[in-house]
Amino acid sequence: MESDFQKYAVLAREMGAVDAVIIDISDVAFDPRTYIKCMYGCSTWGKNWTCPSAPGALKPWEAKEVLSHYKKGLLIHTHDKDISQRISFEIESKAYVDGYYFAFSMSDCGLCPECTLPDGGPCRFPGMARPAMQAMGIDVFATARGQGLPIETLADESCKENWYSLVLFE
């Protein structure tokens, strides 16, 4: 089965990913503390439809139960948020067409310059918007480091950013 998913890792690299690794769901590090880091550390708390603060959003401890039904994932590494989101959504779409009908991607959302949530409007792209990994209770640092991939806190603007997305497969 893992070899079936390797084609998605190859495709992700062809689309611009620095790296793409097939992982088991047991390699995804869940930690409910992501919620407090979002709530008390993120400037977009309450301002984004893909945030755990959005009406109806799963809380991290709820998301862990839902996501535990997946078996494999594709961890995608880029240096650009928008590229990461585009790749993860396209891989999800391709996997769906390939018969993995529960395929689901998670990536920091950058579809709109400003989200409509603060103004009370509906999401402009509800078919494409996906929550970030941390919004679903995933410790991105531990998950990436567990695969030997680079990720560090940013000391200043000169630091190279590492963006991660995850596509899950049943």
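Residues numbered from 1 in each chain as written. Predicted model: local features only at pLDDT ≥ 70, side-chain atom pairs only at ≥ 80, totals over all residues. Heavy atoms only, no water.

Engineer: Can you explain the packing of aromatic side chains? Please cite residues and give values.
Structural biologist: Counted according to the given criterion, the structure contains nine aromatic pairs. Here Tyr 8 and Tyr 100 contribute two aromatic rings whose centre-to-centre distance is 6.4 Å and whose plane-to-plane angle is 80°, an arrangement assigned as edge-to-face. With Tyr 8 in helix H1 (residues 2-14) and Tyr 100 in the loop between helix H4 (81-97) and strand S3 (104-106), this residue pair connects regions lying 92 residues apart in the sequence. The same class applies to Tyr 8 and to Tyr 100, which are both buried. Chaining the aromatic ring pairs together yields one cluster made of Phe 5, Tyr 8, Tyr 100 and Phe 169. (Phe/Tyr/Trp six-rings, centres within 6.5 Å; stacked < 30°, edge-to-face > 60°. Helix = DSSP H or I, 4+ residues; strand = E, 2+ residues; numbered from the N terminus. Buried < 20%, exposed > 50% of the residue type's maximum accessible area, 1.4 Å probe, protein only.)

Engineer: Outline the environment of Ile 76, listing residues and values.
Structural biologist: Its place among the elements puts Ile 76 in strand S2 (residues 72-78). Measuring from C-alpha to C-alpha, the distance between Ile 76 and Tyr 96 comes to 17 Å, with 20 residues separating the pair along the chain. Leave out the neighbours within four places in its chain, and Ile 76 touches Ala 12, Ala 17, Asp 19, Ala 20, Ser 84, Ile 87, Ser 88, Trp 163, Tyr 164, Ser 165 and Val 167. (Contact = heavy atoms within 4.5 Å.)

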